[in-house]
Amino acid sequence: MHIPENYLSPATCAVMTAAMVPIWTNAVRKVKTEVTKSKMPLLGVGAAFSFVGMMFNVPMPGGTTGHAVGGTLIALMLGPNAACIAVTIALLIQALLFGDGGILAFGANCFNMAFILPYLGYAIYRLLSKRIQSEKGKYVAAGIGAYAGINAAALCAAIEFGIQPLLFTNEQGQALYCPYDLSISIPAMLGGHLTVFGIVEIIFTVAIFAFVKKMAPDVFQKKESKKLNARPMFVLLAALVVAVPIGLLAQGTAWGEWGADEIAQTISNGVALGYTPSGLAEGFALSNLFPDYTMAGIPDVVAYILSAVIGVAITVILFKLISSRMKQKVEFSEENIV
């Protein structure tokens, strides 16, 4: 679901980034009052779960791949505003260091995965959990919220892709950026997410949600805790980091994430595109330290694990530093209590 560089026009990227500015501003303001000092490092853990979850690529017939995002999961633990910030940080690290998602498309990717996904997923969870009071009902509500959130995010990405050839073409009528209109982009994106990838998001969300509720229940307490037992979450995170090479087993490229060197031969609806949009061929390019989670001279499996370690370390350390500068609060806002 990561929109790569140059698949969206600069104008589209500017609009999507502008749309995210008030969302980020509100989320930061809310998090300052909703998340206590002891729970602030958990934003780093949540961002790490999202970062690692997106490395577990899952194959789908036809050669495409997809992954979980974890935005609803973080919202269940700390609230949707915290989830917005956590997923934003995960996406920023991916774009800057690993070339996973474009820098120009960063605002669009955040709109889809850091805004639409967690806020909608959490809203649906809250709505259903009020009507289903049992413990099992909470897990059902979490799964439905996660499924709805990731599919809504996929739909938004499909629309952003699909409007490009309608708005931006050259004199010959060829697309300058993404060449597939809404009639192709929407079925392509939703086909995978309504089936395989949506189920993966459900499993990822419910499994970790259940684990945290059982092994680290302090996460969901209202009052500030001087010592929060987050050790089980770090143990789980470490296990996921070691297991990330499983994501390398998925062959193929996610829909809409082809490189400029391969899109001309990409087959959609049984027909190869036959040309490379000039915006893709001549657009902005950023040199990443570890492109596609690879490292020169290091085997792919080892590089993939090291990439996960780097991403996790940055997110955890960043929010730990932020928490060290916060003042102690008395209570945790009820808005974020599951």
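Coordinates for the structure precede this section.
The present account deals with the structure reproduced in this document.

**Comments concerning the overall build of the chain**
Check the secondary structure of the chain and you find 11 helices and four strands. With respect to the three principal axes, the spread of C-alpha positions in the chain is 65 × 50 × 35 Å. Taking all 338 residues of the chain together, 54% fall into the buried category. Residue pairs in contact within the chain that sit at least 24 positions apart in sequence constitute 79% of those at least 6 positions apart. By element, 66% of the accessible surface of the chain is carried by carbon and sulfur atoms, the whole surface being about 14600 Å². Charged side chains in the chain number 21 positive and 19 negative. The centres of these two groups are separated by 23 Å.

**Concerning the packing of aromatic side chains**
Overall, the coordinates contain 18 aromatic pairs when judged by the stated rule. Ring geometry for Phe 168 and Tyr 177: centres 5.9 Å apart, planes at 85 degrees, overall edge-to-face. Of the residues examined, Phe 168 reaches a relative accessible area of 22% and is grouped as partly exposed. According to the relative accessible area criterion, Tyr 177 is buried, its value standing at 15%.

**A look at the packing of helix H6 (residues 135-162) against helix H8 (residues 182-215)**
Remark: H6 packs on H8, axes separated minimally by 7 Å, with the N-to-C direction vectors making an angle of 150 degrees. Viewed along their axes, H6 and H8 adopt a mutual orientation that is roughly antiparallel. Two packed elements cross with a definite hand, and for H6 against H8 that hand is right-handed. Partitioning the contact of H6 with H8 into residue classes produces 22 nonpolar, seven polar and four charged.

**What to know about the packing of helix H2 (residues 40-53) against helix H3 (residues 71-78)**
Axis separation between H2 and H3 bottoms out at 9 Å; the angle between their running directions is 160 degrees. Considering their axes alone, H2 and H3 lie roughly antiparallel with respect to each other. Here the hand of the crossing between H2 and H3 comes out right-handed. The residues of H3 that touch H2, namely those facing Leu 42, Leu 43, Gly 46, Ala 47 and Ser 50, are Ile 74, Met 77 and Leu 78. A per-class count over the contact of H2 with H3 returns six nonpolar, two polar and no charged.

**Topic: the environment of Asp 300**
With respect to the secondary-structure elements, Asp 300 resides in helix H11 (residues 300-324). Spatially, the C-alpha atom of Asp 300 lies 8.4 Å from that of Pro 245, the residues being 55 residues apart in sequence. Residues within four places of Asp 300 in sequence aside, it is in contact with Leu 248 and Thr 294.

**A look at the state of the cysteines**
All chains considered together, the criterion is met by zero disulfides. The structure places no disulfide on Cys 178, whose sulfur is separated from the nearest cysteine sulfur, that of Cys 13, by 12 Å.

**Quick word on empty space enclosed by the protein**
All chains considered together, the criterion is met by two cavities of 30 Å³ or more. Empty space within the largest cavity amounts to approximately 90 Å³. Listing elements by their share of the lining of the largest cavity, those giving two or more residues are strand E2 (64-66) and H8. Sort the elements by how many residues they give to the lining of the largest cavity and H8 lands first, with five residues. The class makeup of the residues in the lining of the largest cavity is six nonpolar, five polar and no charged. Empty space within the second largest cavity amounts to approximately 30 Å³. Lining of the second largest cavity is provided by His 2, Leu 91, Gln 94, Ala 95, Asp 100, Gly 101, Gly 102, Phe 106 and Asn 109. Among the elements of the structure, helix H4 (80-98) and helix H5 (106-131) are those that each provide at least two residues to the lining of the second largest cavity. In terms of residues, the lining of the second largest cavity owes the most to one element, H4, which gives three residues. Its residues assigned to classes, the lining of the second largest cavity comprises three nonpolar, five polar and one charged.

The rules behind the values
- Residues numbered from 1 in each chain as written.
- Predicted model: local features only at pLDDT ≥ 70, side-chain atom pairs only at ≥ 80, totals over all residues.
- Heavy atoms only, no water.
- Helix = DSSP H or I, 4+ residues; strand = E, 2+ residues; numbered from the N terminus.
- Buried < 20%, exposed > 50% of the residue type's maximum accessible area, 1.4 Å probe, protein only.
- Contact = heavy atoms within 4.5 Å.
- Areas by Shrake-Rupley, 256 points an atom, 1.4 Å probe, with all protein chains shown as cover.
- Lys, Arg positive; Asp, Glu negative; His and termini not counted.
- Charge placed at Lys NZ, Arg CZ, Asp CG, Glu CD.
- Phe/Tyr/Trp six-rings, centres within 6.5 Å; stacked < 30°, edge-to-face > 60°.
- Axes fitted to C-alpha atoms, helices over the stretch in contact; angles between N-to-C directions.
- Parallel < 35°, antiparallel > 145°, perpendicular 65-115°, else oblique.
- Left-handed = near helix turned anticlockwise from the far one by under 90°.
- Nonpolar A, V, L, I, M, F, W, Y, C, P; charged D, E, K, R; others polar.
- Disulfide = S-S within 2.5 Å.
- 1 Å grid on protein atoms, 1.4 Å probe; cavity = no way out; pocket = protein on both sides within 12 Å on 5 of 7 lines; lining within 4 Å.
- Points joined across faces, edges and corners; volume = space filled by probe spheres on them.

That's the geometry; what it means functionally is another story.
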